Amino acid sequence: MDNMKKYICDVCGWEYDPAVGAPDQGIEPGTPFEELPENFECPLCGVGTDQFSPVD
């Protein structure tokens, strides 16, 4: 399923895994990257989702 694809931060390398979510930021497990809120920021370096790339 493409909507469960992992994404990696281009700046610091932190990986968003939709199966895990980002509980510290209130993102529940099972949340696809495409459904992250517009104000989502990388928990390590603070960049937005426009600085993430899909993991092949």
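For the structure itself, look to the data block above.
Cut-offs and rules
Residues numbered from 1 in each chain as written. Predicted model: local features only at pLDDT ≥ 70, side-chain atom pairs only at ≥ 80, totals over all residues. Heavy atoms only, no water. Core = buried A, V, L, I, M, F, W, Y, C linked by side-chain atoms within 4.5 Å. Buried < 20%, exposed > 50% of the residue type's maximum accessible area, 1.4 Å probe, protein only. Contact = heavy atoms within 4.5 Å. Helix = DSSP H or I, 4+ residues; strand = E, 2+ residues; numbered from the N terminus. Polar contact = N/O pair within 3.5 Å; in protein donor to acceptor, adjacent residues only side chain to side chain. Phe/Tyr/Trp six-rings, centres within 6.5 Å; stacked < 30°, edge-to-face > 60°. Pairing = 2+ DSSP bridges.

A. Geometry of the nonpolar core. Among the nonpolar cores identified, the biggest contains 12 residues, and these are Tyr7, Cys9, Trp14, Tyr16, Ala22, Ile27, Phe33, Leu36, Phe40, Cys42, Val47 and Phe52. Residues within four places of phenylalanine 40 in sequence aside, it is in contact with Trp14, Ala22, Gln25, Ile27, Val47, Gly48, Thr49 and Phe52.

B. The side chain of aspartate 17, seen in detail. In this structure, aspartate 17 sits in the loop between β2 (15-16) and β3 (52-54). From its side chain, aspartate 17 meets the backbone nitrogen of alanine 19 in a polar contact 3.0 Å long.

C. Quick look at the packing of aromatic side chains. The final tally for this structure, using the stated rule, is 8 aromatic pairs. Ring centres 6.1 Å apart and planes at 70 degrees place the aromatic pair tyrosine 16 and phenylalanine 40 in the edge-to-face group. Highlighted residues: tyrosine 16 in strand β2 and phenylalanine 40 in the loop between β2 and β3, separated in sequence by 24 residues. Cluster of aromatic residues (ring-pair linked, three or more members): Tyr7, Trp14, Tyr16, Phe33, Phe40 and Phe52.

D. Spotlight on the side chain of threonine 31. Note that threonine 31 resides in the loop between β2 and β3. Since its relative accessible area comes to 18%, threonine 31 is described here as buried. One polar contact links the side chain of threonine 31 to the main-chain carbonyl oxygen of glutamate 28, over a distance of 2.7 Å. Ignoring anything within four residues of it in the chain, the contact list for threonine 31 reads Tyr16, Pro18 and Leu36.

E. Region of the structure containing the sheet that holds strand β1 (residues 7-9). Sheet architecture is open: 3 strands sit in the order β2-β1-β3, paired in antiparallel fashion. A strand with exactly one partner marks an edge of an open sheet, and here the two such strands are β2 and β3. Relative to β3, β1 is paired through 3 bridges, and the arrangement is antiparallel. Bridging from a neighbouring strand, tyrosine 7 pairs with proline 54 of β3.

F. Quick peek at the environment of cysteine 45. Structurally, cysteine 45 can be placed in the loop between β2 and β3. For cysteine 45, a relative accessible area of 33% gives the class partly exposed. In the structure, cysteine 45 is positioned 33 residues away from cysteine 12 in sequence and 6.6 Å away in space, judged by C-alpha atoms. Apart from the residues within four sequence positions on either side, cysteine 45 is in contact with Cys9, Val11 and Cys12.

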